[in-house]
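The lines below spell out each chain.
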Amino acid sequence: MGEEPYYGPDFGLLRKQDPELAQVLLDELDRQRGNLQLVASENFTSPAVLAAMGSTLTNKYAEGYPGRRYYGGCEVVDRAERLAVQRARELFGAEHANVQPHSGASANLAAYAALLQPGDTMLAMALPHGGHLTHGSKVNFSGKWFNVVSYGVRRDTELIDYDEVRDLALRHQPKLIVCGATAYPRLIDFTVFRGIADEVGAWLMADVAHTIGLMAGGAIPSAVPHADVVTLTTHKALRGPRGGAILCTEELAKKIDRAVYPFIQGGPLMHVVAAKAVAFAEAMRPEFADYARRVIVNAQALTEALAGDGMRPVSGGTDTHLALIDLRELDVSGAEAETRCAAAGITLNRNVIPYDPEPAAITSGIRVGTPCVTTQGMGPEELKEVGTLVTRAVRQPGSAREIRDRVAALLAIHQPYLSEY
Ligand code: DSN
């Protein structure tokens, strides 16, 4: 047996060559291991995914698509992309997959470029009600280049108002209807959206960056059979590398591919494409289905614990991996709660709640999610305790040190990158 070939990260070498930067990596690993990670859009990707991302595939330019590149020497990276595409199609049951988008925002830009012209009308969920920046915010390309009509949630139920969506669609005749959200704890009824889109002759796009991992694991209904185009990220509950992807019907395949390259991107990140292939294979394993189911069970345990301690979950609970908590009764802003939790060793993000009287930098809410803690092996019992710890951190900032000790005890048992994947 010869020496093992170089295949990826060599941390020892980095430490020797650039100790200053190596220390940043060590400190970030410590931060990730040393705090409770409750940001709903984050996860601990597997060591195999990290290995693919740290590989020499990063050296290769491969503008174009497998077998149709604008550079020589692409025959090896072509295999990585073909695997990623095949696996994505199989995992999600999609007719076509494009695995090149660098991010969810890039995937959305490409989808709009494929389906719309500047000035066209699209209907999407308002950011302050749980949508995304790229769903028509005025500070984003989507709000500047398109005529965006926004829908939201009802004030009484805090659920998507499908009657409002239909009324707006009939009145404004959008060319594209976008469903999907970043801070909506409930299931989205894609069949209703499909019906509305058909009624007005619009394309239907589902941006399921947040929930695609749950769909991959079969824990919630998939958007793929209903939407013309599905955009996603690979790094959230799906637990892959940081990046995006697009699934679509065969009918739209060429348009989507041309919109990704050459319209909005140049060379794909082949090391990330390879890592996406690894993640898609991991998500096909039975253990991943179990993981996706446990993410939701854990989110429900966490939400119940929070609700029991007086932190009101928007819409009354969750069907997914996340909860949105209204702090107005406690008279603590989202920004202050985020700071208090950080002092107690708990990482989460402030988040606007529907009809929030506070601006986005302050907010009246926090968002919590369970993809990370579930990867770490925590279960509903631990999540109940986490709920109590979050509540104490928000209500009793003086207890931060005590809470940190309890967080450390939990994390000593559930260490990322030490336990099995
Ligand atoms: N920024 C992501 C999130 O945290 O939800 C969405 O892109």
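Not measured: the values here are computed from a predicted model.

Colleague: I keep staring at the nonpolar core and nothing clicks. Help me out?
Modeller: As a rule of thumb, nonpolar side chains are buried together in soluble globular proteins. Phe92 and Ile177 are the most contacted members of the largest nonpolar core, which totals 58 residues. Per-element tally for this core: the top contributor is helix α4 (residues 75-92), with 6 residues. For Ile177, the residues in contact, after removing those within four places along its chain, are Leu123, Ala169, Phe193, Ile196, Ala197, Val200, Ala202, Trp203, Leu204 and Met205. By size, the runner-up hydrophobic cluster in this structure holds 31 residues, among which are Ala301, Leu330, Leu348 and Val394.

Colleague: What is the right way to look at helix α13 (residues 334-343) in this model?
Modeller: Note: α-helices contain 3.6 residues per turn, so residues at a spacing of three or four share the same orientation. Of the positions making up α13, those classed as buried are Gly334, Ala335, Ala337 and Cys341. Down the axis of α13, the buried side of the element spans an arc of 165°, and every buried residue falls inside it. Those residues of α13 that are buried lie in contact with β13 (346-347), β14 (349-351), β15 (365-369) and α15 (380-395). Directly after α13, the chain includes Gly345, whose backbone phi takes a positive value near 80°.

Colleague: How should I be thinking about the sheet that holds strand β8 (residues 203-207) in this particular structure?
Modeller: Strands sit in the order β4-β10-β9-β8-β7-β5-β6 across an open sheet of 7 strands; the sheet is mixed. If you trace the sheet from one side to the other, it starts and ends with β4 (96-98) and β6 (147-151), each paired once. Direction aside, neighbouring strands of the sheet carry axes that sit 20° apart on average. In the sheet, strand β5 (residues 121-125) pairs with β6 via 5 bridges, with the strands oriented parallel. Within the sheet, the bridge partner assigned to Leu123 lies in β6 and is Val149.

Colleague: Please clarify how empty space enclosed by the protein should be interpreted in this entry.
Modeller: A water-sized probe, rolled over the atoms, reveals where empty space remains. Enumeration according to the criterion identifies 2 cavities of 30 Å³ or more in this entry. Of the volumes computed, that of the largest cavity is approximately 170 Å³. Its residues assigned to classes, the lining of the largest cavity comprises 11 nonpolar, 5 polar and 2 charged.

Colleague: Looking at this model, I keep getting lost on the environment of Leu238. Mind explaining?
Modeller: If you trace the backbone, Leu238 turns up in the loop between β9 (229-233) and β10 (244-248). For the pair Leu238 and Phe44, spaced 194 residues apart in sequence, the C-alpha to C-alpha distance is 10.0 Å. Setting aside anything within four residues of it in sequence, one finds Leu238 in contact with Phe92, Ile212, Gly213, Ala216, Leu232, Thr233, Phe280, Ala283 and Phe288.

Colleague: What is the right way to read the pattern of salt bridges from this model?
Modeller: Where side chains of opposite charge bring their charged atoms close, a pairing between them can arise. A full pass over the atoms with the stated rule returns 19 salt bridges. Note that Asp319 and Arg186 form a salt bridge whose closest N and O atoms lie 2.9 Å from each other. Here Arg186 lies in the loop between β7 (176-179) and α8 (190-200) and Asp319 lies in the loop between β11 (312-313) and β12 (322-326), a separation of 133 residues in the sequence. The exposure class of Asp319 is partly exposed, given its relative accessible area of 24%. Classification of Arg186 as buried rests on a relative accessible area of 19%. Three or more residues joined by partner-sharing salt bridges are found here, namely Glu158, Arg312, Asp326 and Arg328.

Rules used throughout
- Residues numbered from 1 in each chain as written.
- Predicted model: local features only at pLDDT ≥ 70, side-chain atom pairs only at ≥ 80, totals over all residues.
- Heavy atoms only, no water.
- Core = buried A, V, L, I, M, F, W, Y, C linked by side-chain atoms within 4.5 Å.
- Buried < 20%, exposed > 50% of the residue type's maximum accessible area, 1.4 Å probe, protein only.
- Helix = DSSP H or I, 4+ residues; strand = E, 2+ residues; numbered from the N terminus.
- Contact = heavy atoms within 4.5 Å.
- Arc of directions from axis to C-beta.
- Pairing = 2+ DSSP bridges.
- Axes fitted to C-alpha atoms, helices over the stretch in contact; angles between N-to-C directions.
- 1 Å grid on protein atoms, 1.4 Å probe; cavity = no way out; pocket = protein on both sides within 12 Å on 5 of 7 lines; lining within 4 Å.
- Points joined across faces, edges and corners; volume = space filled by probe spheres on them.
- Nonpolar A, V, L, I, M, F, W, Y, C, P; charged D, E, K, R; others polar.
- Salt bridge = Lys/Arg side-chain N within 4 Å of Asp/Glu carboxyl O.

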